[in-house]
Amino acid sequence: MTGLHARFRDRTAFAPRADYRLLPFRFIRLDDQRYVVTSDVGEHVVVSRDQLIAFARHELPVTGALYRELKAKHLVFDDDSRAALDLLAVKYRTRVAPVANLTGLHIFVVTLRCDHSCHYCQVSRQTEDKTRFDMARDHADKALALVFESPNPAIKIEFQGGEPLLNFGLVKHVVQEAERRNAVQRRDLQFVIASNLTHLDDEILNFAREHDIYFSTSLDGPEDLHNANRPLRGGNSYRAAVDGIARARAALGHEFVSALMTTTPASLPRVEDIIDEYVRLGFTSIFLRSLSPYGFAIRTRLIRGYDIADWLGFYQRGLAHILAVNRRGVQLREELTAIALQKMFAPLGSSYVDLQSPAGIAIGALVYNYNGKIYGSDEGRMLAEMGDDSFCLGSLDDRTFASVMTDDALQQILEDSLPESAPMCADCGFLPWCGADPTFHRATQNDIVGHKAFSAFCAKQMAVLRHLVTLLEDDPDARRVLMSWV
Amino acid sequence: MLLKLSGRGLRALGEVSSRPFIGRISTDVAQRGPNEIWLARGGAGVPDGFRAYLLAGPRPVMPPRDSYALGPEFSYLSDGDVIRIEPDRGAVHAIYRRNSRTNSLLVTERCNNYCVMCSQPPKDRDDSWIIDDLLQAIPLMSPDTGEIGITGGEPSLLGPRLIELVRCLGQCLPATAVHILSNGRGFATGDLAKALAQLHHPDLMLGIPLYADVPEHHDYVVQARGAFDETIRGILNLKRHGVRVELRFVMHAETYEGLPAFARFVARNLLFVDHVALMGLELMGFARTNLDALWIDPLDYQRELREAVETLHRARLRVSIYNTPLCVLTPDLHPFARASISDWKNAYMDECDGCALRTQCGGFFASSTLRRSRGIARVRLG
Ligand code: SF4
Ligand code: SF4
């Protein structure tokens, strides 16, 4: 290449000086050859073992490509890059700042009654007795007061059950009352009804249209699988769901309906079928969840039916299938993967309450149970149904938002759920992309922190993250699709 | 059309002032005043009460003081333009043209960078008179002016005087957008960023060049060790105080390879900037001096450019491509391209005649005839 005019200096005049300093980092083995190095704010570099050693010993050549990458990602700095510290501070603040918004998601369990008898359901009751399992209007009003005491500028109110449409009168009341309060408060207010859609009628659809209400429904896959998982007395749950999805979309708009699947042992060999079903029904998102260790599922020993390795096979095959679907030009993203990618590549990280530091217990989501009790997470109330009330934060009858947030027990849970100070997590290279799941560890190990060496949560996180980093490194086609999910 | 903004276009017709002065062009007798310069259209009589007279046609019998014959290359001057006249050199300089979409005020020629492609090479001499002139000129500009650019040299070297200038703009032209082209280093420490923010100018943006994700590459391009750090700190400071910032990346042979890394760096670290402009190279100043080292056909960096645009766009940053003819960009990049070249620098080539994209296209810097992309070709819509 032709050089610059003599009055200009060439690149060597601006090369870094040979001594560099390390910024905080963690590392973890990726495979036999490679390691993942992460910064406190979740940026990462994949290196060989020799490179890792040279890097940590301050022996890397400062003019090489790896040095540039480590420097650009603020894993090292030198004389000319003191601003690295300022940028790192800004990034750290950006990532943790949302915690100060406190609770954005507010779940109203308006009834426990349900017409389904799903094998994995943690909570529902099949009964005609309205008084025992429906939320009282007085409790709903008290819950709303709490909702608007939260400082979060974006409030999402989600109705759950049981089947919330069986107590639609209260749903209506809460929506109207919330909007009335919001006329003054001017939050970004959103409503979601988690429903099996069996009871969708025109009155409900009209109301939903008027108030921009979203629906989240359950869809476990093709008809036989779905119906086997979700028995509906005297009916066909799959037909009801598919029909409800179509009607809700027609009335409200396509994007107003999303679906959530639950993984059961019967799902494991059929991930491709499940995904194809989602594509066929025009969904652009699917969440390959693992079976949760709560409620009915554990009682029926369903959870023992498969272990984490089976689920991982399910996930990896599923992700491969989804990537192939995307390469055909169909847009479909996998949510668990998207959350991880968000944590790896987006400055804000992810707002998914189950993968945060500290955990999203209460500060991410609050659950107002049918009986007036307050829980810090949906899993917390499921655990309560199993007789463990450790995530109960008192009753709507005597709590304010402030008293919930400053509750000693909650403070302790939050403190214990900082992976930065948990054994194993503190040194784990995946820490910035991971989180804590105190409810899971309480349910499985009877301890909020949990021993990560024996934790299915940890095993799953490690495997998923290793798989993703490997795909990002080794498969350019996969990388292109994955990056479009960030 | 290429306009000549300064030159020795004046011939004194009689007695003239001893010092340079500034005034506003007028063709309306009723506008007479100490800051107005009469521009004769044809041979009508010469009214009194103007600061100076630019005359066409025959010399009047008794020309008033500061009467000049105006050279034809300045015939574009018209009502409302603000000019500076240097009587002893017979020079005229158009500071502001009322009918132009973009008026740039050069506020100093001094700079603490020495960019390898600088289109306006810095000169290290005291030119503080410039800002005195501008403070006089600004009140004469039309309040309807859409945008005023401030360029250099490096405006932040003026320190408090820059603040004075922006205050003056805000007071005299409250509806006019102000765009300051600065390397940002002057805002790294001290109170300049805060002082600028405290003006609460209604429509102010700083355009700050950033050329890489790491100091060694940026510092090389701007030929100043430590510049990257100061620029980054300047950007952080400005944003901290609420001043809008646009990043500018000039694409040439010494920068284009770093485009994707630059974009990733911005998307991760500087997500709060208000705009990112990726700019074609203007073949002026040092870009000419270093032409062989810096020229690369834009066709040959389309891959890097596309990746960078994708990264920035996905991060929800506003991205624009400046100074690049549409025919060299792949169609998926067209929505990001802006016709941005100032009218007095803008030109087209023969191929452009009858091109379907001509009205949306930015065309060329007049200077770019020195080197042309293999991609220039008339586009016909099928
Ligand atoms: S849970 Fe496991 S993967 Fe997550 S940070 Fe802790 S040790 Fe690492
Ligand atoms: S031919 Fe001329 S007008 Fe057409 S796109 Fe190219 S540069 Fe623009």
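The rules behind each value
Residues numbered from 1 in each chain as written. Chains lettered and ligands numbered in written order. Predicted model: local features only at pLDDT ≥ 70, side-chain atom pairs only at ≥ 80, totals over all residues. Heavy atoms only, no water. Helix = DSSP H or I, 4+ residues; strand = E, 2+ residues; numbered from the N terminus. Rg over C-alpha atoms; globule rule 2.2 N^0.38 Å. Buried < 20%, exposed > 50% of the residue type's maximum accessible area, 1.4 Å probe, protein only. Near = heavy atom within 4 Å. Nonpolar A, V, L, I, M, F, W, Y, C, P; charged D, E, K, R; others polar. Patch = residues over 30% accessible without salt bridge, like charges linked within 9 Å, V, L, I, M, F, W, Y side chains within 5 Å. Areas by Shrake-Rupley, 256 points an atom, 1.4 Å probe, with all protein chains shown as cover. Salt bridge = Lys/Arg side-chain N within 4 Å of Asp/Glu carboxyl O. Domains from an automatic or database assignment. Buried area = accessible area lost by both parts, 1.4 Å probe. Contact = heavy atoms within 4.5 Å.

Visitor: I keep staring at the overall build of chain A and nothing clicks. Help me out?
Guide: When its secondary structure is counted, chain A shows 19 helices and 15 strands. Its C-alpha radius of gyration of 25 Å places chain A within 12% of the 23 Å reference for a compact globule of 486 residues. Oriented by its inertia axes, the alpha-carbon framework of chain A measures out at about 85 × 50 × 45 Å. Here chain A holds 486 residues, and 55% of them are scored as buried.

Visitor: Sorry, what's going on with the site of ligand 1 here?
Guide: Lining the immediate surroundings of ligand 1 are C425, C428, L431, C434, K452, F457, C458, Q461 and M462 of chain A. Of the residues that constitute the shell around ligand 1, the class distribution is seven nonpolar, one polar and one charged.

Visitor: Is there a simple way to think about a nonpolar patch on the surface in this case?
Guide: A cluster of nonpolar side chains, namely Y92, V96 and V99 of chain A, defines an oily patch on the protein surface of about 220 Å² accessible area. By relative accessible area, which is 33% here, V99 of chain A ends up partly exposed.

Visitor: Help me understand the domain arrangement of chain B in this model?
Guide: Interface extent is often summarised as the accessible area lost during association of the parts. All names here are of chain B. Domain assignment breaks chain B into domain 1 (6-96) and domain 2 (103-370). The centre of domain 1, based on its C-alpha atoms, is set 34 Å off from the matching centre of domain 2. A buried area of about 900 Å², summed over both sides, lies between domain 1 and domain 2, and 64% of it is on carbon and sulfur atoms. Contact with domain 2 buries surface across domain 1, with I22, I95 and Y96 losing the most and accounting together for 63% of the total. Across the domain 1-domain 2 interface, the total number found is one salt bridge. Across the pair R84 and D133 runs a salt bridge, and its minimum N-O distance is 2.3 Å.

Visitor: Which parts of the structure should I look at to understand the domain arrangement of chain A?
Guide: All names here are of chain A. Splitting chain A by domain gives domain 1 (14-96), domain 2 (100-405) and domain 3 (418-474). A separation of 23 Å is found between the C-alpha centroids of domain 2 and domain 3. Tallying the contact residues gives 31 residues for domain 2 and 29 residues for domain 3. Overall, the association of domain 2 and domain 3 removes approximately 2300 Å² of surface from exposure, summing both partners, and the carbon and sulfur fraction of that is 74%.

Visitor: Help me out: how do you make sense of the site of ligand 2 in this one?
Guide: Close to ligand 2 lie P325, L326, C327, C352, C355, R358, C361, F364, A377 and R378 of chain B. By residue class, the composition of the shell around ligand 2 is eight nonpolar, no polar and two charged.

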